[in-house]
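Reading the structure
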Amino acid sequence: MRAAALPAALAGASLFALALGALTGCGPREPLAPAAAYGRYCDRCHGDDGRGDPKAVRLNPRLDLVRSLMVGQGDAELIRERIADGHGAMPGFERKLSAEEIDDLSAYTLDRFAGAGEP
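What this report covers is the structure whose coordinates are included nearby. Bear in mind that the values here come from a model prediction, so they are computed numbers and not experimental data. Residue positions are given per chain, counted from 1 along the sequence in the order it is written. Totals for whole chains, interfaces and linings use every residue, but because this is a predicted model, local features are given only for residues with pLDDT of at least 70 and side-chain atom pairs only at 80 or more, for both listing and counting. With hydrogens and water stripped out, all remaining heavy atoms of the structure feed into the side-chain values.

**Structural notes on helix α5 (residues 76-85)**
Exposed residues in this analysis have more than 50% of their type's maximum accessible area, buried residues have under 20%, and partly exposed residues fall in between, with area computed by a 1.4 Å probe over protein chains only. Numbered from the N terminus, helices here are DSSP runs of H or I no shorter than four residues, and strands are runs of E no shorter than two. Taken together, the buried positions of α5 are Ile79, Arg82, Ile83 and Ala84. The secondary structure elements touched by the buried residues of α5 are α4 (69-72) and α6 (99-113). Downstream of α5 by one or two residues, Gly86 has phi in the positive range, about 80 degrees. Contact criterion: two residues are considered in contact whenever any of their non-hydrogen atoms come within 4.5 Å of each other.

What follows is the structure in structure tokens.
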């Protein structure tokens with residue numbers, strides 16, 4: 001009789017865990033808008049204006065997206081690759097952002113910062 005009670009208890013615990021997850025917001029999340037993704041993951045190093053912190057840029061000029069060659073040349077594929085895989089000190093974000101979010105963030109980066117340094 002005890003052996004028969006175990007599967008029922010496990011089934012009940014599984015249903016409870018599923019219900020708890022649904023109530024607490026676990027599961028798939030809504031995609032981040034590109035501006036929100038930039039604010040959450042990029043702003044800290046590249047700054048809101050894409051120019052990075054001046055002290056940090058002196059040590060690593062690549063932080064300045066406005067003066068970046070890949071941004072200036074409109075190299076969307078390389079920007080996408082850097083966001084996904086990282087490069088040097090920059091971490092990759094493919095585990096935090098979906099492929100669609102990375103594509104959108106790449107386009108956002110180009111739209112926002114390409115030509116931003118021109119008069």
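**Structural notes on helix α2 (residues 34-46)**
Between its terminal C-alpha atoms α2 stretches only 15 Å, short of the 18 Å expected from 13 residues at 1.5 Å a residue. For α2, the principal kink sits at Arg40 and spans about 50 degrees. Listed as buried for α2 are Ala37, Tyr38, Tyr41, Cys42 and His46. Elements that come into contact with the buried residues of α2 comprise α6. Directly beyond the C-terminal end of α2, a positive phi value near 75 degrees is found at Gly47. To estimate how far a helix should reach, multiply one less than its number of residues by 1.5 Å. Note on bend: at a given residue it equals the angle between the axes fitted to the 7 residues ending there and to the 7 starting there.

**Considering the environment of Ala114**
With respect to the helices and strands, Ala114 occurs in the segment after α6. We classify Ala114 as partly exposed; its relative accessible area is 35%. Residues Ala114 and Gly72, spaced 42 residues apart in sequence, show a C-alpha to C-alpha distance of 5.1 Å. Excluding its chain neighbours within four sequence positions, the residues that come into contact with Ala114 are Val71 and Thr109.

**As for the pattern of salt bridges**
The working definition used for a salt bridge is a side-chain nitrogen of Lys or Arg within 4 Å of a carboxyl oxygen of Asp or Glu. Counting across every chain of the model gives 2 salt bridges. A salt bridge links Arg112 to Asp48, with the shortest nitrogen-to-oxygen separation between them at 3.3 Å. With a gap of 64 residues between them, Arg112 in helix α6 and Asp48 in the loop between α2 and α3 (54-59) connect regions that are remote in the sequence. On the accessibility criterion, Arg112 (30% relative accessible area) is partly exposed. Between Asp103 and Arg80 there is a salt bridge, and its shortest N-O distance comes to 2.5 Å. Within this pair, whereas Asp103 is found in helix α6, its partner Arg80 is found in helix α5, the two being separated by 23 residues in sequence.

**Brief notes about a negative patch on the surface**
Patch definition: residues with relative accessible area over 30% and no salt bridge; like charges joined within 9 Å; nonpolar side chains (Val, Leu, Ile, Met, Phe, Trp, Tyr) joined within 5 Å. The protein chains shown are the only cover counted for residues, whose accessible areas, like all others here, come from Shrake-Rupley with a 1.4 Å probe. Under this rule, positive means Lys or Arg and negative means Asp or Glu; His and the chain ends count for nothing. Every charge is mapped to an atom, namely NZ of Lys, CZ of Arg, CG of Asp or CD of Glu. Residues Glu77, Glu81, Asp85 and Glu94 make up a contiguous surface patch of negative charge. Looking at the secondary structure, you find Glu81 in helix α5. In this structure Glu81 comes out as partly exposed when scored by relative accessible area, which is 41%.

**A short note on the nonpolar core**
The biggest cluster of nonpolar side chains holds 19 residues, and the ones touching the most others in it are Tyr38, Val71, Leu97 and Leu105. Listed by contribution, the elements that provide at least two residues to this core are α2, α4, α5 and α6. Broken down by element, this core gets its largest block of residues, 5 residues, from α6. Aside from chain neighbours lying at most four places away, what touches Leu105 is Pro34, Ala37, Tyr38, Cys42, Ile83 and Leu97. We call a set of buried residues a nonpolar core when its members are Ala, Val, Leu, Ile, Met, Phe, Trp, Tyr or Cys and they connect through side-chain atoms within 4.5 Å of each other.

Nothing here speaks to function; it is geometry throughout.
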